[in-house]
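Remarks on the overall topology
Each chain, written out:
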Amino acid sequence: MGRSRAVLVAACSLLIAVACPAVAGAADGPAPVCDRQPTGYEQPPTGAVAVDPAVDGDLAAKTAAHPAGTTFWLRPGTHTLGQDEYGQVAPKDGDVYLGAPGAVVDGRGVNRAAFTQQARNVEIRGLTIRRFAALQDQGVVNHDSGDGWLIENTTIEDNAGAGLMAGARQVVRHSCLRNNGQYGLNAYQAGDGITGLVLEGNEITGNNTGDWEAKVPGCGCSGGAKFWAVNGANIRGNWVHGNHGAGLWADTNNNDFLVEDNLFEANDAEALFYETSYNLVLRGNTFRRNTLVQGRAFAARGDNFPAATVYLSESGGEPRVPARTSAIDISGNTFEDNWAGITLWENADRFCNSPANTSTGYCTKPADKASCTAGRIERPPAYDDCRWKTQRVAVHGNAFRFDPGRVGCTSLCGRMALLSNFGTFPDWSPYKGTVIEEAITFHQANRWHDNSYSGPWTFVVHDTSKTVDTAGWRAAPYSQDECSSFGGGPAGC
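Residues numbered from 1 in each chain as written. Predicted model: local features only at pLDDT ≥ 70, side-chain atom pairs only at ≥ 80, totals over all residues. Heavy atoms only, no water.

Attention shifts here to the overall build of the protein. Counting its regular elements, the protein contains eight helices and 36 strands. In terms of overall dimensions, the protein is globule-like: its C-alpha atoms have a radius of gyration of 23 Å, near the 23 Å expected for 493 residues. Residue pairs in contact within the protein that sit at least 24 positions apart in sequence constitute 71% of those at least 6 positions apart. As displayed, the protein offers around 17,700 Å² of accessible surface, 52% of which is attributable to carbon and sulfur atoms. Here the protein contributes 40 positively and 52 negatively charged side chains, and the mean placements of these two sets differ by 2 Å. (Helix = DSSP H or I, 4+ residues; strand = E, 2+ residues; numbered from the N terminus. Rg over C-alpha atoms; globule rule 2.2 N^0.38 Å. Contact = heavy atoms within 4.5 Å. Areas by Shrake-Rupley, 256 points an atom, 1.4 Å probe, with all protein chains shown as cover. Lys, Arg positive; Asp, Glu negative; His and termini not counted. Charge placed at Lys NZ, Arg CZ, Asp CG, Glu CD.)

Further remarks concern the sheet that holds strand β10 (residues 155-157). The strand order across the open sheet built from 12 strands is β3-β5-β7-β10-β13-β16-β19-β22-β25-β28-β31-β34, with neighbouring strands paired in parallel fashion. Since the sheet does not close on itself, it has two edges, and those belong to β3 (77-79) and β34 (452-454), each with one partner. Strand-to-strand twist in this sheet, taken as the mean axis angle between neighbours without regard to direction, amounts to 10°. Judged from the three bridges that link them, β10 and strand β13 (residues 176-178) form a sheet pairing that is parallel. In the strand pairing of β13, T155 is matched with C176. (Pairing = 2+ DSSP bridges. Axes fitted to C-alpha atoms, helices over the stretch in contact; angles between N-to-C directions.)

With respect to the helices and strands, A166 occurs in the loop between β11 (162-165) and β12 (171-173). For A166, a relative accessible area of 0% gives the class buried. In this structure, the C-alpha to C-alpha distance between A166 and V230, residues 64 residues apart in sequence, is 9.8 Å. (Buried < 20%, exposed > 50% of the residue type's maximum accessible area, 1.4 Å probe, protein only.)

Below, the discussion takes up the state of the cysteines. Evaluated as defined, the whole model comprises six disulfides. Here C219 is linked by a disulfide to C221, with a sulfur-sulfur distance of 2.0 Å. The disulfide joining C219 to C221 has a torsion of about -75° about its S-S bond and is therefore left-handed. Here C352 is linked by a disulfide to C363, with a sulfur-sulfur distance of 2.1 Å. The disulfide joining C352 to C363 has a torsion of about -120° about its S-S bond and is therefore left-handed. Placement of the pair is C352 in the loop between β29 (342-346) and α5 (382-385) and C363 in the loop between β29 and α5, with a sequence separation of 11 residues. Overall, the relative accessible area of 0% leaves C352 in the buried class. (Disulfide = S-S within 2.5 Å.)

Every second residue of strand β23 (residues 272-275) is oriented toward a common face, with L272 and Y274 on one face and F273 and E275 on the other, all of them buried. Across four bridges, the pairing between strand β20 (residues 248-251) and β23 is parallel. When the sheet's bridge partners are listed, A250 is paired in β23 with Y274. As paired elements, β23 and strand β26 (residues 310-313) share four bridges and run parallel to each other. When the sheet's bridge partners are listed, L272 is paired in β26 with V310.

The strand order β8-β11-β14-β17-β20-β23-β26-β29-β32-β35-β36 describes an open sheet built from 11 strands, whose pairing is mixed. With one partner strand each, in any of the chains shown, β8 (139-141) and β36 (467-468) form the two edges of the open sheet. When β26 meets β29, the two strands line up parallel, connected through four bridges. Opposite L312, over in β29, you have L344 as the bridge partner. Relative to strand β32 (residues 415-420), helix α7 (residues 435-443) is tilted by about 130°, and along the sheet it contacts β29, β32 and β35 (458-462).

On to the packing of aromatic side chains, then. Scanning the model with the defined rule gives 25 aromatic pairs in all. Taking 5.2 Å as the distance between ring centres and 45° as the angle between the ring planes, the aromatic pair formed by Y383 and Y431 counts as tilted. With Y383 in helix α5 and Y431 in the loop between β32 and α7, the pair connects residues that are 48 residues apart, well separated along the chain. Among the residues examined, Y431 registers a relative accessible area of 1% and is labelled buried. With a centroid separation of 6.0 Å and an interplanar angle of 75°, the aromatic rings of Y453 and F459 are classed as edge-to-face. (Phe/Tyr/Trp six-rings, centres within 6.5 Å; stacked < 30°, edge-to-face > 60°.)

Taken residue by residue, α7 has I436, E437, A439, I440 and T441 as its buried positions. Where α7 is buried, its residues contact β29, β32 and β35. Residue A445 follows α7 closely and has a positive phi angle near 55°.

Moving on: the nonpolar core. Buried together is how nonpolar side chains tend to be arranged in soluble globular proteins. The biggest cluster of nonpolar side chains holds 91 residues, and the ones touching the most others in it are F115, I129 and F227. Counting residues per element, this core draws most heavily on β32, at four residues. Residues A348, C372, C386 and I436 belong to the second largest nonpolar core, which totals 11 residues. (Core = buried A, V, L, I, M, F, W, Y, C linked by side-chain atoms within 4.5 Å.)

Counted by the stated rule, this structure contains 30 salt bridges. The shortest N-O distance in the salt bridge between D147 and R120 comes to 3.5 Å. Of this pair, D147 sits in the loop between β8 and β9 (150-152) while R120 is found in the loop between β5 (103-106) and β6 (123-125), placing the two residues 27 residues apart along the sequence. D385 serves as the salt-bridge partner of R320, at 2.9 Å between the closest nitrogen and oxygen. (Salt bridge = Lys/Arg side-chain N within 4 Å of Asp/Glu carboxyl O.)

Any functional reading would require information beyond the geometric quantities listed.
The structure is reproduced here in structure tokens:
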């Protein structure tokens, strides 16, 4: 029994009284969730407060009228929250919301949020929550990022903004996050206090229907799920597919992520984008037909930057940041007919206090921000500590399969990459010229080995002007992919 399946089965038996469908093993991929939720809560549990869908606002009113720790049972039918845009439910600590079969909470395109405020340990199970009008970067469920919430066997779909926000120790299990306008999940909490986040056995699909990257160019504000400054996340056994942008995007000072046994399929952009973050284990996943929309767009405009299925941007292992690993370990994954493979990138101009750092106000975890300034950054320890480094990355034991005919590409596809740019600004930067190109390529312990390749792969190395074939990639000075095979056979020396 695989890790994700074992954990899910155990959790189902301990936490809920309804049937949990089996989760397929890694070889089969996670089971579909949307439109396949288990039937449960046909009758209210003893002591539960019944909520009447025929009474507009009944859910909010009864929540306000009862003490913390109340269980609410939503009868079959469509529950509404009034005609005010601020019509919403404000749970109290420990409140539980159970949906009878067919129970829907519908914002009707009027209400901004469904469940708000910062109560702790709220549980939502068996509901469909849809058509809320959240604003940019705001969410519908757990709008204010309360801690300890459990979202289980629930469908959150067709909302504006993010379907779901997150707080510390939040668990999202066997839920459908579908066709939301910006994100399925926006894991952001003011004060950066999210720890111990669990996403397990969910289907995350079709999100970013609002095409936010076109609406606000350069916003970095879209995807199936977005994570900001999350310290500790387990992401297991999910089906992340068909999102209009990245599948999962970890952006700025995330740390200690375990991403395993997921299926990433047909996401328009990167399946996984790990940006200015630390310490990741990425293992046992399947990546299939990702990045085709983004890759074709790059190729059509002649952009030679290596679009990636797994994109590490200024992210690496850092022993000084506590986690279950001090590296980024990418192992045991299967890549099938994606636009490209893995890109390891570091922007030479992006560092703490640089105007090229789009995460405004944030600094690297090891650095003293005050030292990352002109006249001080040139000296140790600031010189090393002020950069988010793509370092200590191991890519090993993976299978990379690429058929350009099936992908439908003729150029700028089927590439792996390890590179930076020529540093140019700001004027006080100590990282100008080829300093970071040399560092990421030769001096930061980034290594491919023991992988299996099939198809016509090429390798972008050092900078965008240098593309080498398999022989060049394996030969000095790069010396990558020792003990790897390039004919589709098993790896090994």
